[in-house]
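Residues per chain are reported as follows:
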Amino acid sequence: MTYMPRLCDHKWPATLDTSGADLIKDFFEPALASSDSYSRGVGFFSSAWLRAASKGMATFASRGGFARWVTSPILQQGDWDALMLGEQAKTDEILHAALVRNVQDLEGSLQ
């Protein structure tokens, strides 16, 4: 079994200056890869952020992570459709299995 560092094992800087730090690489990827839950409140949400953080999110998802967002109800149609598909996967075993395979494929391709 591969050792996965815990969130508290990381040496986090006191601050991350967005003008010089890559927040996805320097914070979100290692934080998500070491977490089992993720809660975030945002005024604006776009799946573009998920694409940017896909490496950390794929590891997070493959480990069974639970994420929740509180966001504006104004979403692009594609993002809304994806959320509804994920909701349907909670009760549809075939859809759930397909989404799990997609996460595994994504994680493999990112490596």
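Above: the structure in question.
A brief look at the structure comes next.

Thresholds applied
- Residues numbered from 1 in each chain as written.
- Predicted model: local features only at pLDDT ≥ 70, side-chain atom pairs only at ≥ 80, totals over all residues.
- Heavy atoms only, no water.
- Helix = DSSP H or I, 4+ residues; strand = E, 2+ residues; numbered from the N terminus.
- Buried < 20%, exposed > 50% of the residue type's maximum accessible area, 1.4 Å probe, protein only.
- Axes fitted to C-alpha atoms, helices over the stretch in contact; angles between N-to-C directions.
- Parallel < 35°, antiparallel > 145°, perpendicular 65-115°, else oblique.
- Contact = heavy atoms within 4.5 Å.
- Nonpolar A, V, L, I, M, F, W, Y, C, P; charged D, E, K, R; others polar.

**Describing the environment of F60**
With respect to the secondary-structure elements, F60 resides in helix α3 (residues 54-62). On the basis of relative accessible area, F60 is assigned to the buried category, the value being 2%. The spacing of F60 and S19 is 41 residues in sequence and 26 Å in space, taken between C-alpha atoms.

**Some details on the packing of helix α1 (residues 23-33) against α3**
Any two packed helices are characterised by the angle at which their axes cross and by the distance between the axes. For the pair α1 and α3, interaxial distance at closest approach is 7 Å and the crossing angle is 10 degrees. The angle between the axes of α1 and α3 places the two elements in the roughly parallel class. Counted together, E29, L32 and A33 of α1 and K55, G56, M57, T59 and F60 of α3 form the full contact between these two elements. Residues of the contact of α1 with α3, tallied by class, amount to four nonpolar, two polar and two charged.

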